[in-house]
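Fold and geometry: a report
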Amino acid sequence: RKEVEQDPGPFNVPEGATVAFNCTYSNSASQSFFWYRQDCRKEPKLLMSVYSSGNEDGRFTAQLNRASQYISLLIRDSKLSDSATYLCVVSRNNDMRFGAGTRLTVKP
Amino acid sequence: EAQVTQNPRYLITVTGKKLTVTCSQNMNHEYMSWYRQDPGLGLRQIYYSMNVEVTDKGDVPEGYKVSRKEKRNFPLILESPSPNQTSLYFCASSLQGRITGELFFGEGSRLTVL
């Protein structure tokens, strides 16, 4: 079983839609959680950290459920520019583990 | 401009021909790391370095070597490349270590081993 698992998608949604991605992790000792964004053939870039209380950054909301060991990312009012692959990242003792990513395509 | 620079960006080589992928960062970061990315497997860490002259194996170190003689440079060496090392490689750096989450990646190096 992979340490970080994501639904690979693809998710194809119309502009303006709300879309949610989930990610599960296997190591209960994991300490820090993040979402990265990766555009096609580009390098990953940090999108946002995920805090226990949940956090929001504009149209993006991240949630963490430690009891169930999953992380979620909610994107509201999707834009064409949101099309990318979203990587879930879990960190423990300075060891970062990446999920394989969920691909999102936002269509006009 | 703050950046992580990798070279070459694209390389086709043959089995057994030694090659080096260079990585340089201009942000005075202590932490540097190499990843490979393969379809369906995500990013897997090859080697990392917490500081000059300190390197450690990641999840998939076999067939690779690294060195960290200067803070800014962290080259990845494939002594005898094999076809299963065909992949997209990323170098990354961080100021405070991985736990902060802010890894800065290079643009990637696509390697094909025939």
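Now for a look at the structure at hand. (Residues numbered from 1 in each chain as written. Chains lettered and ligands numbered in written order. Predicted model: local features only at pLDDT ≥ 70, side-chain atom pairs only at ≥ 80, totals over all residues. Heavy atoms only, no water.)

Some words on the nonpolar core
Ranked by size, the top nonpolar core spans 23 residues in total, and within it F21, W35, I71, L73, I75, Y86 and L104 of chain A carry the most contacts. Of all the secondary structure elements, the ones that give two or more residues to this core are β3 (19–25), β4 (32–38), β5 (45–50), β7 (60–65), β8 (70–75), β9 (84–92) and β11 (102–107) of chain A. In this structure, V4, M27, M32 and L111 of chain B belong to the second largest nonpolar core, which totals 19 residues. (Core = buried A, V, L, I, M, F, W, Y, C linked by side-chain atoms within 4.5 Å. Buried < 20%, exposed > 50% of the residue type's maximum accessible area, 1.4 Å probe, protein only. Helix = DSSP H or I, 4+ residues; strand = E, 2+ residues; numbered from the N terminus.)

Let's talk about the interface of chain B and chain A
Taken together, the contacts link 20 residues of chain B with 20 residues of chain A. Across the chain B/chain A interface, buried area totals approximately 1,700 Å², and carbon plus sulfur atoms make up 50% of it. Applying the counting rule to chain B against chain A returns one salt bridge. Among the ionic pairs, D59 of chain B bridges to R97 of chain A, the shortest N-O distance being 3.0 Å. Applying the counting criterion to the chain B and chain A interface returns three residue pairs in polar contact (both at pLDDT 80 or more). Mapped by element, the contributors of at least two residues to the side of chain B that touches chain A are β4 (31–38) and β5 (42–51) of chain B. Take the side of chain B that touches chain A: its biggest share by element is four residues, from β5 of chain B. (Contact = heavy atoms within 4.5 Å. Buried area = accessible area lost by both parts, 1.4 Å probe. Salt bridge = Lys/Arg side-chain N within 4 Å of Asp/Glu carboxyl O. Polar contact = N/O pair within 3.5 Å; in protein donor to acceptor, adjacent residues only side chain to side chain.)

By themselves, these figures tell us nothing about what the structure is for.
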